[in-house]
Every structure is written in C-alpha cells, then in structure tokens.
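The lines below spell out each chain.
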Amino acid sequence: MDWKYKAGLQYIFSIIPFGEDINYFFQKNITKNLPLKEPKIKEKLLIAAQHIENFHKYSSDSLEQATFYEFGAGWDLVQPLLFYSLGVNHQVLIDIRKLIRIELINKAIEEIQHISNYLKLQRIPKKYLKNKLECIDELIQFYGVQYRAPFDARKTNLEQETIDYIVSTNTLEHIPLDDIIAILKECYRLLKNDGIMSFKIDYQDHYSYFDSNISVYNFLQFNNKIWNLIFNPSLHYQNRLRHQDYLNIFSDVGF
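Residues numbered from 1 in each chain as written. Predicted model: local features only at pLDDT ≥ 70, side-chain atom pairs only at ≥ 80, totals over all residues. Heavy atoms only, no water.

Undergrad: So what exactly am I meant to see when it comes to a nonpolar patch on the surface here?
TA: Side chains of Ile12, Ile15, Ile16, Phe18 and Ile22 sit close together on the surface and give an oily, nonpolar patch of about 500 Å² of accessible area. Structurally, the position occupied by Ile12 is in helix H1 (residues 3-15). With a relative accessible area of 42%, Ile12 lands in the partly exposed category. (Patch = residues over 30% accessible without salt bridge, like charges linked within 9 Å, V, L, I, M, F, W, Y side chains within 5 Å. Areas by Shrake-Rupley, 256 points an atom, 1.4 Å probe, with all protein chains shown as cover. Salt bridge = Lys/Arg side-chain N within 4 Å of Asp/Glu carboxyl O. Helix = DSSP H or I, 4+ residues; strand = E, 2+ residues; numbered from the N terminus. Buried < 20%, exposed > 50% of the residue type's maximum accessible area, 1.4 Å probe, protein only.)

So this is what it looks like as structure tokens:
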C-alpha cells in the first residue's frame, strides 16, 4: 500500500465517529495485521526476554516478587502475557483508553501455547478470558495483571515508589514530546530508588512497514508543519524524535 493512502485513511479514522473501531476492523479484515501471527509473537518474545535479561543484569531483586509497570498496553496484551510466561507475577498496565479486545487476547494465548511446543517458557498461559464484564478480574486472577483504563500515564495517582521495573516497547515514538516529559516524570515518581526502566523505541518511519518503496527515514524529509498537517494523524502519530533527543529528555527528567 502506498504510504500516503495509509496516512489518508488514518486521518479519516482519526476524525470520524467510531473511527477507532473502524480502524480495528480495517486492520483485522483488510490489511490482516490482526491478530498477530506466530512470527510476530516470536519477535515479541525476544523483546520480552531482553527486558527480563536487563532486569537480571541490573537488579538483585527476585523477578517473581517484582512489580512491573507498563503504559500503553494496547489491544492484545501479548507482551504482558509473554512476561507472565517468563515468570513475572505482578504487572500494572494502564492505557489512555480501554483498548483491549478479548478475541485478540485469547488468540495471543493460543499462539503462545503453540510456540511453547518448541520454545522453552517458564509457564504457559492456559486460561482464556470469557467476556468484557469479567475480563479485568480474570486478568488479575489468571495472570497477575492489573489492567487500568482509561488511565492517564502523566498522572496515575498510583502510590509513590511502588514499582520495581518499568518497561515500554515501541510506545514512546507514538507520544508527543510534552506528554513524554510528563509521563517520564510520573515514572520517576513511581519507581523505587533502586528500580529499573527498560525501554525499546522504534526510530523508523512506521509507514515503511506498509510501503517498501520508502526508506525508514522517509518521514525526516518533511518540515513539522507539513508532517503534522498532512501525514501525522492521531491514530498513527509519530513524533520523529531521534536517539539523542530521548537521551536529553531522560536526563532532563532526572534519570
């Protein structure tokens, strides 16, 4: 798909009523990016394992007793389910909107069960979620996952210095600069004195995943006015910050 058509569709979905639901329908039935298939699940498992490796490298705390925190949990909770499979018992997930889809979560559980046949996992998620009314309680009961949405990552009202490990995977690049600063200040407040953060940030133009004719640096050719006005809808927002920008932000916040 030509990336400009993709941008146009995302702009339409961003402004019309029920645009998010239509976007979900489009990704599930037209582009078929959802639900995630086995190769993508395996990629996410490698990322989850890297986060766990960072935890063990920089912390002497017990993984089983640690509380993980993540903002921007998304639709399918693949990453939290993989953390569970790797031994994490306590997770707090928040999202600005209640985005979770039970059918995607259950499909993720099924896919993780499948890859467990040939990849070593500490444990395998086996309990499927039943319905929207019970799923929040089931996530806590089955997987130790506290899912809270709608919840503002800039001001969570969670208790200070109660989080051992903050993880983020391919989320920060979708957040405006001012909000990133506010979110990281809140992370600083939530994190224990000896706590750790492990963030993975995708610096590539995400449209390059849909259009092989453009490079991963495609979006850097546009000035801010053109980029934000034409090609940067809220449902597919990309802040275009570079590595040094993030290093400066983390430093300015106090990390």
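Undergrad: Whenever I open this one, the packing of aromatic side chains confuses me. Can you help?
TA: For any pair of aromatic rings, the description rests on two quantities: the centre-to-centre distance and the angle between the ring planes. Under the criterion given, the structure shown has 22 aromatic pairs. Residues Trp3 and Phe231 carry aromatic rings whose centres are separated by 4.7 Å and whose planes lie at 50° to one another, so their mutual orientation is tilted. Here Phe231 lies in helix H8 (residues 224-231) and Trp3 lies in helix H1, a separation of 228 residues in the sequence. Given the relative accessible area of 4%, Trp3 is considered buried. What makes Phe231 buried here is its relative accessible area of 9%. Of the aromatic side chains, those joined through ring pairs into one cluster are Trp3, Tyr207, Phe219, Phe222, Trp227 and Phe231. Looking at Lys6, its charged tip hangs above the ring of Phe210, at a distance of 4.0 Å from the centre. Across the ring face of Tyr24, the terminal group of Arg101 is positioned such that the distance to the ring centre comes to 4.0 Å. (Phe/Tyr/Trp six-rings, centres within 6.5 Å; stacked < 30°, edge-to-face > 60°. Lys NZ or Arg CZ within 6 Å of the ring centre and 35° of its normal.)

Undergrad: In this structure, what is going on with the packing of H1 against H8? I would like to understand it.
TA: How two helices sit against one another is set out by the angle between their axes and by the gap between those axes. In contact at an axis separation of 9 Å, H1 and H8 are set at 65° when each is read in the N-to-C sense. With respect to H8, the element H1 is oriented roughly perpendicular. The segment H1 lies against H8, with Trp3, Lys4, Ala7 and Tyr11 engaging Trp227, Asn228, Leu229, Ile230 and Phe231. Of the residues belonging to the contact of H1 with H8, the class tally is seven nonpolar, one polar and one charged. (Axes fitted to C-alpha atoms, helices over the stretch in contact; angles between N-to-C directions. Parallel < 35°, antiparallel > 145°, perpendicular 65-115°, else oblique. Contact = heavy atoms within 4.5 Å. Nonpolar A, V, L, I, M, F, W, Y, C, P; charged D, E, K, R; others polar.)

Undergrad: How do you make sense of the pairing of strand E3 (residues 145-148) when you look at a structure like this?
TA: Along a regular strand, successive side chains alternate from one face of the sheet to the other. Only one face of E3 is buried, namely the one carrying Val145 and Tyr147, since none of Gln146 and Arg148 on the opposite face is buried. Where strand E2 (residues 90-94) meets E3, four bridges bridge the pair, whose relative direction is parallel. Along E3, the bridge assignment pairs Val92 with Gln146. (Pairing = 2+ DSSP bridges.)

Undergrad: Explain the nonpolar core to me, please; I cannot follow it from the model alone.
TA: Across soluble globular proteins, nonpolar side chains show a tendency to be buried alongside one another. Counting residues in hydrophobic clusters, the biggest one holds 37 residues, and the most contacted among them are Phe68, Leu77, Leu139 and Tyr143. Broken down by secondary-structure element, the contributors of at least two residues to this core are helix H3 (38-58), helix H4 (78-85), helix H5 (102-115), helix H6 (135-143), E3 and strand E4 (163-169). Contact partners of Leu77, with chain neighbours within four places excluded, come to Leu93, Ile100, Ile105, Leu139 and Tyr147. Residues Tyr69, Ala153, Leu172 and Cys187 belong to the second largest nonpolar core, which totals 22 residues. (Core = buried A, V, L, I, M, F, W, Y, C linked by side-chain atoms within 4.5 Å.)

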